[in-house]
Amino acid sequence: MSTQKAPGLRERKKAKTRAAVQEHALRLFRDQGYAETTVQEIAAAAEISPATFFRYFPTKEDTIVLDRLDPVMIELFRSQPPDLSPTDALRAAIRQSLDVLTDDEWELESERQRLVMNAPELRVRMLDQLYAGIDLLAELAAERTGRSADDFAVRAWAGAVVGVVMATYQLAVDTPLPEYLASIDRAFDLLQRGVPLS
């Protein structure tokens, strides 16, 4: 039993350290600018060595593109009642993961998204993340429906979900969390109705 608990504790410690490094990086980017901030400065602020920094983040860009909510949402999605459709399960998972954020955590997430939108090199990385997100959502939908992740309809669903979520992405910047959650709900309502334009 203890051998099962130890990895969980290690993973929690790693996640805590990763989150702390990301918070220091975001603060420095806000105060100094993204391009002007070095890995050495981030490591010093987080009281770790540059070598330790690179164990948590392969590049400086990764401190921004890492979305700490993703693992939480994945677990919440998988824990939804089996009778829910992939759309309903994902909608519930997103709401549950955002509902528990504190004001400070939401401000940190807004800051992260603000940086992504304002730095061209980060926007390029975000495109890579979007394609990875489609792959991930297709795998999750395949698990829930018993279909293949390569099924055309499954991938089309995953792409549509990424699209409607991205449509709300800019709203996350400088928007109170309840308003952003309302926008997510509206986006999923439209998705479930086939995004009618008339």
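These numbers were taken from a predicted model, which means no experiment stands behind them.

Colleague: Looking at this model, I keep getting lost on helix α8 (residues 120-145). Mind explaining?
Modeller: Every α-helical turn comprises 3.6 residues, leaving residues that sit three or four positions apart pointing alike. Spanning 26 residues, α8 covers 37 Å between terminal C-alpha atoms, matching the ideal 38 Å at 1.5 Å per step. Along α8, the positions that sit buried rather than exposed are L122, R125, M126, G133, I134, L137, A138, L140, A141, A142 and R144. Downstream of α8 by a residue or two, G146 has a phi angle that is positive, lying close to 80°.

Colleague: Teacher, can you tell me more about the nonpolar core here?
Modeller: For soluble globular proteins, nonpolar side chains are generally found buried alongside one another. The biggest cluster of nonpolar side chains holds 29 residues, and the ones touching the most others in it are L90, I94, L98, L137, W157, V161 and F188. Contributions of two or more residues to this core are made by α5 (69-78), α6 (86-99), α8, α9 (152-169) and α10 (177-192). Per-element tally for this core: the top contributor is α10, with seven residues. Among all residues touching W157, those that are not within four sequence positions of it are P86, T87, L90, L137 and A141. Grouped together as the second largest cluster of nonpolar side chains are 21 residues, V21, I42, F53 and I64 included.

Colleague: Teacher, can you tell me more about the packing of aromatic side chains here?
Modeller: Think of a pair of aromatic rings as described by two things: how far the centres are apart, and how the planes are tilted against each other in angle. Evaluated as defined, the whole model comprises four aromatic pairs. The interplanar angle of 90° and the centroid separation of 5.2 Å between the aromatic rings of F53 and F54 together place this pair among those described as edge-to-face. Residue classification places F53 among the buried residues on the basis of a relative accessible area of 0%. Aromatic pair F53 and F57: ring centres 5.7 Å apart, planes at 35°, arrangement tilted. Relative accessible area serves as the criterion here: at 1%, F57 is assigned to the buried category.

Colleague: Could you clarify how one ought to interpret unusual backbone geometry in this entry?
Modeller: Note on backbone geometry: most residues besides glycine have negative phi, and most peptide bonds are trans. Its identity is not glycine, yet E47 carries a phi of approximately 60°, on the positive side. Inspection of the secondary structure assignment puts E47 in the loop between α2 (39-45) and α3 (50-56). Look at E47 and you get exposed, because its relative accessible area is 75%.

Colleague: Sorry, what's going on with the pattern of salt bridges here?
Modeller: Oppositely charged side chains can pair when the atoms bearing their charge come close. Applying the stated rule across the entire model yields 13 salt bridges. The salt bridge involving R78 is made with E143; its shortest N-O contact spans 2.8 Å. Here the residue R78 occupies a position in helix α5, and E143 occupies one in helix α8, the gap between them amounting to 65 residues. Among the residues examined, R78 registers a relative accessible area of 44% and is labelled partly exposed. In this structure, the salt-bridge partner of R91 is D189, at a minimum N-O distance of 2.7 Å. Pair noted here: R91 is in helix α6 and D189 is in helix α10, with a separation of 98 residues, a long-range link. In this structure R91 comes out as buried when scored by relative accessible area, which is 17%. You can call D189 partly exposed: its relative accessible area is 33%. Linked through salt bridges whose partners overlap, the residues forming this network are R91, R95, D99, D185 and D189.

Colleague: Could you clarify how one ought to interpret the side chain of T37 in this entry?
Modeller: Here T37 shows up in the loop between α1 (2-32) and α2. Of the polar contacts made by the side chain of T37, one reaches the backbone oxygen of L28; its length is 3.4 Å. Residues within four places of T37 in sequence aside, it is in contact with L28, F29, Q32, I42 and K60.

About the criteria used
Residues numbered from 1 in each chain as written. Predicted model: local features only at pLDDT ≥ 70, side-chain atom pairs only at ≥ 80, totals over all residues. Heavy atoms only, no water. Helix = DSSP H or I, 4+ residues; strand = E, 2+ residues; numbered from the N terminus. Expected span 1.5 Å × (residues − 1). Buried < 20%, exposed > 50% of the residue type's maximum accessible area, 1.4 Å probe, protein only. Core = buried A, V, L, I, M, F, W, Y, C linked by side-chain atoms within 4.5 Å. Contact = heavy atoms within 4.5 Å. Phe/Tyr/Trp six-rings, centres within 6.5 Å; stacked < 30°, edge-to-face > 60°. Salt bridge = Lys/Arg side-chain N within 4 Å of Asp/Glu carboxyl O. Polar contact = N/O pair within 3.5 Å; in protein donor to acceptor, adjacent residues only side chain to side chain.

Structural measurements only, silent on function.
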